[in-house]
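Remarks on the overall topology
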Amino acid sequence: LAKTTQPISMDSYEGQEVNITCSHNNIATNDYITWYQQFPSQGPRFIIQGYKTKVTNEVASLFIPADRKSSTLSLPRVSLSDTAVYYCLVGDEKDSSYKLIFGSGTRLLVRP
Amino acid sequence: ETGVTQTPRHLVMGMTNKKSLKCEQHLGHNAMYWYKQSAKKPLELMFVYSLEERVENNSVPSRFSPECPNSSHLFLHLHTLQPEDSALYLCASSQGTGVGAEAFFGQGTRLTVV
């Protein structure tokens, strides 16, 4: 079971780009990397998923280096509404022992 | 609206009560999950059902009893709970299990045990 390590919290200002890095040194060959966002008193919401290199969607970008031992979620031009907890998950969809295990996440605070 | 609906949204119950949480998904998924989120703690996976069969019970006390009558519905039956069981209970569904599948979460039920 690949373990992830993220910063506990980060601060930013509106309009800035925010990069949240997740370490997963024990990532396995078949593992995907997935990021979720959670607002207070709501369920987490899927943001982005990747396997290697770079993935971009309308919300964020995910950068994964060649060794895949870390990944960086990039949020362009954050707004106050991006204040949330961001979770990095790693696991193999075929691994029967891995069922969407969330870590502590990174609490992002966006200031005016 | 995520396609996963949980009821009730809020529940207050005494330690001797019996209550049930309900989750319904309209996404055609074949896996459903129960999570517990206590204040300032990570989400704790409680149960996983895949194809209506329980495939994971994450050392949850027997006072929590899940039920999955079909692929669209998931229940969590509660009895003789403790105040420390007060938390946000979240239901999720996905097509397949594991992190390769995107999970869709409900809004949760805020449970208070008095």
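Below is a short write-up of the structure. Predicted, not measured: the structure shown is a model, and the values here were computed from it. (Residues numbered from 1 in each chain as written. Chains lettered and ligands numbered in written order. Predicted model: local features only at pLDDT ≥ 70, side-chain atom pairs only at ≥ 80, totals over all residues. Heavy atoms only, no water.)

1. Notes on the overall build of chain B
Along its length, chain B carries zero helices and 11 strands. The order of α-helices and β-strands along chain B, N terminus first, is β-β-β-β-β-β-β-β-β-β-β. Rg of the C-alpha trace for chain B: 13 Å, near the compact-globule value of 13 Å for 114 residues, within the 12% margin. Reported as C-alpha extents along the three principal axes, the dimensions of chain B are approximately 35 × 25 × 25 Å. For chain B, buried positions account for 48% of its 114 residues. Sequence-distant contacts in chain B: of pairs separated by 6 or more residues, those separated by 24 or more amount to 54%. (Helix = DSSP H or I, 4+ residues; strand = E, 2+ residues; numbered from the N terminus. Rg over C-alpha atoms; globule rule 2.2 N^0.38 Å. Buried < 20%, exposed > 50% of the residue type's maximum accessible area, 1.4 Å probe, protein only. Contact = heavy atoms within 4.5 Å.)

2. Considerations on the interface of chain A and chain B
Taken together, the contacts link 24 residues of chain A with 22 residues of chain B. Taken together, both faces of the contact between chain A and chain B bury some 1800 Å²; the carbon and sulfur share is 59%. At the junction of chain A and chain B, the tally comes to zero salt bridges. One can count four residue pairs in polar contact (both at pLDDT 80 or more) joining chain A with chain B. Broken down by secondary-structure element, the contributors of at least two residues to the side of chain A that touches chain B are β3 (32-38), β4 (45-50) and β8 (84-91) of chain A. (Buried area = accessible area lost by both parts, 1.4 Å probe. Salt bridge = Lys/Arg side-chain N within 4 Å of Asp/Glu carboxyl O. Polar contact = N/O pair within 3.5 Å; in protein donor to acceptor, adjacent residues only side chain to side chain.)

3. Details of the pairing of strand β9 (residues 106-111) of chain A
Residue and element names in this part refer to chain A. Burial of β9 is one-sided: the residues T106, L108 and V110 facing one way are buried, the residues R107, L109 and R111 facing the other way are not. Two elements, strand β1 (residues 9-13) and β9, share five bridges in a ladder whose sense is parallel. Note that in β9 the partner of S12 across the bridge is V110. As judged from the three bridges shared by β8 and β9, these two strands associate in the antiparallel manner. Looking at β9, one finds that A84 is bridged to L108. (Pairing = 2+ DSSP bridges.)

4. Considerations on the state of the cysteines
Residue and element names in this part refer to chain A. Enumeration over the complete set of coordinates arrives at two disulfides over all chains. Two residues, C22 and C88, share a disulfide whose sulfurs are 2.2 Å apart. An S-S torsion of about -80° defines the bridge between C22 and C88 as left-handed. Of this pair, C22 sits in strand β2 (residues 18-23) while C88 sits in strand β8; the two residues are 66 residues apart in sequence, bridging distant segments of the chain. (Disulfide = S-S within 2.5 Å.)

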